[in-house]
Amino acid sequence: MKAALVGADGALLYEARRATGRERGPDAVVESILGFAAELHAHGRERYGTAAVAAGVAVPGIVDPDRGLAVYAANLGWRDVPLRALLGERLGGLPVALGHDVRTGGLAEGRVGAGKGADRFLFVPLGTGIAGAIGIGGAIEAGAHGYAGEIGHIVVRPGGPACGCGQRGCLETLASAAAVSRAWAAASGDPEADAADCAKAVESGDERAVRVWRDAVDALADGLVTALTLLDPRTLIIGGGLAEAGETLFTPLRAAVEERVTFQKLPAIVPAALGDTAGCLGAGLLAWDLLASSEVSA
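Computed from a predicted structure; not experimentally measured.

Visitor: Which residues make up the sheet that holds strand 6 (residues 78-81), and what are the values?
Guide: In spatial order, the strands read 4-5-6; together these three strands make up an open sheet with antiparallel pairing. With partners counted over all chains shown, the strands left at the sheet margins are strand 4 (62-64) and strand 6, one partner each. Geometrically, the sheet is characterised by an average inter-axis angle of 15° between neighbouring strands, direction not taken into account. Sheet topology note: the strand 5 (residues 69-73)/strand 6 ladder contains three bridges and is antiparallel. Opposite Ala70, over in strand 6, you have Val81 as the bridge partner.

This is how it looks when you write it as structure tokens:
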């Protein structure tokens, strides 16, 4: 878990990290979050002489911000956890905003990171899976049911590898960091090899690695062109573990996207700027947005 005290301008004032306690079960994770938030709240009061005025929390899986529920997170064993109410109670009635981890990270990248100043952007982190956040006018579009931006489940190779969502050939089964790790482990014969190892092998000219990397980049470009055809973003922000390969990823990816567009306008394709602090920065921005909306409604 990562947490931060965030100023009204999005400045990172203080950051801390803790283990989730996941090995002790779902209830332990919730208690870890609540305890961590209480520690951070107390630290802010002690260090700055004034307490935080709102809290934001971003979680993986499916969330329902309107009801304050973490609806489902398979890796945490969660179903319908009333996280907003629990956190508000632990923090003495503080207003609490709840968000999806990728969309919250996208909010931070759009406001204070690589998308700053862009009126339309798409944030795509390439990690264990692939998700996306659609940025419009400084806010993130969640969609009618909270599923907007799930680019990882665009089918780019019909009949391809099975995906956890129930389809076959989804983008995340072919171009996520996890997918590249699986492909390179098989191609190299080293079960411990991962995507970072593949990138290094590409840089050294290993033909097996080049094939694995090219297949992933081609699939990613196909998915991204579908997304930019629908959304027409001004900036396309790529983050996550795979983006750490730098130009080993971005040079062929920009070329592959450019080869595929016809009438579409090419967005700027840039690396994410905030790294793994994007989520907690975005959670802080959600909290400030909640306060602003409450003041307007009042």
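Visitor: I'd like to hear about the packing of helix 7 (residues 207-231) against helix 8 (residues 247-260), residue by residue, with values.
Guide: The N-to-C vectors of helix 7 and helix 8 enclose an angle of 50°; their axes lie 9 Å apart at closest approach. Taken together, the axes of helix 7 and helix 8 lie oblique to each other. As helix 7 runs across helix 8, the sense of the crossing is right-handed. Between helix 7 and helix 8, the residues in contact are Trp213, Val217, Asp218, Leu220, Ala221, Asp222, Leu224, Val225 and Leu228 and Thr248, Leu249, Pro252, Leu253, Ala256, Val257 and Arg260, respectively.

Visitor: Explain the nonpolar core residue by residue, including any values.
Guide: In terms of nonpolar packing, the biggest core is built from 43 residues, with Val124, Trp213, Leu224, Ile238, Leu253 and Val257 touching the most fellow members. Breaking this core down by element, the ones donating at least two residues are strand 8 (120-125), helix 5 (177-188), helix 6 (195-203), helix 7, strand 11 (235-239) and helix 8. Per-element tally for this core: the top contributor is helix 7, with twelve residues. The next biggest cluster of nonpolar side chains, apart from the first, holds 19 residues, and it includes Val30, Leu34, Leu87 and Leu98.

Visitor: Talk me through the sheet that holds strand 11; I want residue IDs and the actual numbers.
Guide: Across the sheet, which stays open at both edges, the five strands sit in the order 10-9-8-11-12 with mixed pairing between neighbours. Sheet topology places strand 10 (139-141) and strand 12 (268-271) at the edges, where each strand pairs with a single neighbour. Each adjacent strand pair in this sheet contributes to an overall mean axis angle of 30°, direction not counted. Running over the sheet, helix 3 (residues 101-112) touches strand 8, strand 9 (133-136), strand 10 and strand 11 and is turned about 130° from strand 8.

Visitor: How would you explain the pattern of salt bridges if you had to name every residue and give the values?
Guide: Under the criterion given, the structure shown has 13 salt bridges. With a shortest N-O distance of 2.7 Å, Arg67 and Asp64 are connected by a salt bridge. According to the relative accessible area criterion, Arg67 is exposed, its value standing at 55%. Classification of Asp64 as buried rests on a relative accessible area of 19%. The residue Asp222 makes a salt bridge to Arg157 at a minimum N-O spacing of 2.8 Å. Residue Asp222 is found in helix 7, and its partner Arg157 is found in the loop between strand 10 and helix 4 (172-175); the two are separated by 65 residues along the sequence. You can call Asp222 partly exposed: its relative accessible area is 24%. On the basis of relative accessibility, which here comes to 28%, the residue Arg157 falls in the partly exposed class. The structure contains a network of salt bridges with shared partners spanning Arg157, Asp218, Asp222 and Arg260.

Parameters and conventions
Residues numbered from 1 in each chain as written. Predicted model: local features only at pLDDT ≥ 70, side-chain atom pairs only at ≥ 80, totals over all residues. Heavy atoms only, no water. Pairing = 2+ DSSP bridges. Helix = DSSP H or I, 4+ residues; strand = E, 2+ residues; numbered from the N terminus. Axes fitted to C-alpha atoms, helices over the stretch in contact; angles between N-to-C directions. Parallel < 35°, antiparallel > 145°, perpendicular 65-115°, else oblique. Left-handed = near helix turned anticlockwise from the far one by under 90°. Contact = heavy atoms within 4.5 Å. Core = buried A, V, L, I, M, F, W, Y, C linked by side-chain atoms within 4.5 Å. Buried < 20%, exposed > 50% of the residue type's maximum accessible area, 1.4 Å probe, protein only. Salt bridge = Lys/Arg side-chain N within 4 Å of Asp/Glu carboxyl O.

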